[in-house]
Amino acid sequence: FALNLMYVLEHVGINCSNWNDTGPTGECVNNTDIIYPFKTKHGAGVTGPPGVCTSIVAERPDGTVVHGRNFDWNIPNVLRPLIWEVEFQKGGKTLWTGTSIATYIGVQNAMKGGPDGFAITMDARCQGGILWKNAAEMLLAGGLTPSLVARNGMMNATGYPHLVEILSEAPMIAPMYYIVSGGGKGQGAIITRGREKEIDAWHIDSTQPNGWWRLETNYDHWGPVPQGDDRRAPGNAHVQAVGRDNMNPAAMFGVMTAWPTFNPHTDHTAVFVVAENYYNTTVWFGTGNATLH
């Protein structure tokens, strides 16, 4: 409860523009951190598959893991300049970098670079949640939104294994996929989450055929995909076509910008390599784009 209150107060401080002697007047921006897990995702008047994000972690022959993700929220072009990279600092020192949206206190992507570092992306599971169950989890079990669980993990994890532990165990108000990578060799996994605990952890395992990468869209990897939204098979085919020997940030960017992984729903594309402290986000504006630094 205390952690929820801390984040609520932070959100009030960011979003409430009008204050009186006793506090905010209530003229605040809608809290997208809370709304997102409560709602069901639908397209916003665009064509193509109903994408809600794709994330990939892929291991090079030397064990370095390249991490890519597409964020598919159908954010209107006029609002996409509000997507920014944020440096989270303490004592004037940057601890980690994240991609977020103005007024949104969670993170969609985040990375702490270096050999002991780690990174997170998130993909929606089941495309939203059930309102009363999500509210009950927040009020009764102290659950956070998935983006705040991710932020909490970035703030408190001491390394990749600890990050996986935090993301696997923290109570939260909606199901989610966490796709994680680390600065060590072969550190990459997809964590399938329920509200209360981990359902499955699917780690990179280069000893298995095609085990050097893991790809997640918005459906459990052990089950079938919906007939109208198969981003999984084309995405896997594009990774396989690149090959392990040729995997690098540029190649991952190519995979992430190939149809249908990249589609009319895609708002931004991020590629990062924890071990090399490489972090790059490209925001898409219809016929143009802007790379964040």
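Residues numbered from 1 in each chain as written. Predicted model: local features only at pLDDT ≥ 70, side-chain atom pairs only at ≥ 80, totals over all residues. Heavy atoms only, no water.

(A) Fine view of the pattern of salt bridges. Using the criterion set out here, one finds six salt bridges in the structure. Between Glu276 and Arg60 there is a salt bridge, with the nearest N and O atoms lying 2.7 Å from each other. You can see Glu276 sitting in the loop between strand 13 (266-273) and strand 14 (278-285) and its partner Arg60 sitting in the loop between strand 3 (54-59) and strand 4 (65-72), a full 216 residues away along the chain. By relative accessible area, which is 43% here, Glu276 ends up partly exposed. Put simply, Asp123 and Arg69 hold a salt bridge, and the shortest N to O gap is 3.6 Å. Of this pair, Asp123 sits in strand 8 (residues 118-124) while Arg69 sits in strand 4; the two residues are 54 residues apart in sequence, bridging distant segments of the chain. (Salt bridge = Lys/Arg side-chain N within 4 Å of Asp/Glu carboxyl O. Helix = DSSP H or I, 4+ residues; strand = E, 2+ residues; numbered from the N terminus. Buried < 20%, exposed > 50% of the residue type's maximum accessible area, 1.4 Å probe, protein only.)

(B) Structural detail: the confidence of the model for the protein. For the protein, per-residue confidence averages 81 on the pLDDT scale, and residues scoring 70 or more make up 74% of the total. Contacts of residues 1-51 to residues separated by more than four positions or lying in other chains number 103 contacts, the stretch itself having pLDDT below 50. (pLDDT = per-residue confidence, 0-100. Contact = heavy atoms within 4.5 Å.)

(C) Seen up close, helix 7 (residues 249-256). All buried positions along helix 7 are accounted for by Pro249, Ala251, Met252, Val255 and Met256. Across the axial projection of helix 7, the buried residues extend over an arc of 160 degrees, all falling on one side. Where helix 7 is buried, its residues touch strand 3, strand 4, helix 6 (232-242), strand 13 and strand 14. The opening residue of helix 7 is Asn248, an N-cap whose side-chain oxygen sits 3.0 Å from the backbone nitrogen of Ala250. (Arc of directions from axis to C-beta. Polar contact = N/O pair within 3.5 Å; in protein donor to acceptor, adjacent residues only side chain to side chain.)

(D) Seen up close, the packing of helix 4 (residues 146-156) against helix 5 (residues 160-169). Between helix 4 and helix 5, the least distance of the axes is 9 Å, while the angle of their chain directions is 150 degrees. Classified by the angle between their axes, helix 4 and helix 5 sit roughly antiparallel to one another. Seen along the crossing, helix 4 lies across helix 5 with a hand that is right-handed. Contacts between helix 4 and helix 5 involve Val149, Ala150, Gly153, Met154 and Asn156 from the first element and His162, Leu163, Ile166 and Leu167 from the second. For the contact of helix 4 with helix 5, a count of residues per class yields six nonpolar, three polar and no charged. (Axes fitted to C-alpha atoms, helices over the stretch in contact; angles between N-to-C directions. Parallel < 35°, antiparallel > 145°, perpendicular 65-115°, else oblique. Left-handed = near helix turned anticlockwise from the far one by under 90°. Nonpolar A, V, L, I, M, F, W, Y, C, P; charged D, E, K, R; others polar.)

(E) Region of the structure containing the packing of aromatic side chains. Scanning the entire structure with this criterion turns up seven aromatic pairs. Geometrically, the ring pair formed by Trp212 and Trp213 is edge-to-face, given 4.9 Å between the ring centres and 70 degrees between the ring planes. Here Trp212 and Trp213 have matching classes, each one buried. The interplanar angle of 70 degrees and the centroid separation of 4.9 Å between the aromatic rings of Phe262 and Trp284 together place this pair among those described as edge-to-face. Of this pair, Phe262 sits in the loop between helix 7 and strand 13 while Trp284 sits in strand 14, and the two are 22 residues apart along the sequence. Looking at Phe262, the relative accessible area reads 24%, which means it is partly exposed. (Phe/Tyr/Trp six-rings, centres within 6.5 Å; stacked < 30°, edge-to-face > 60°.)

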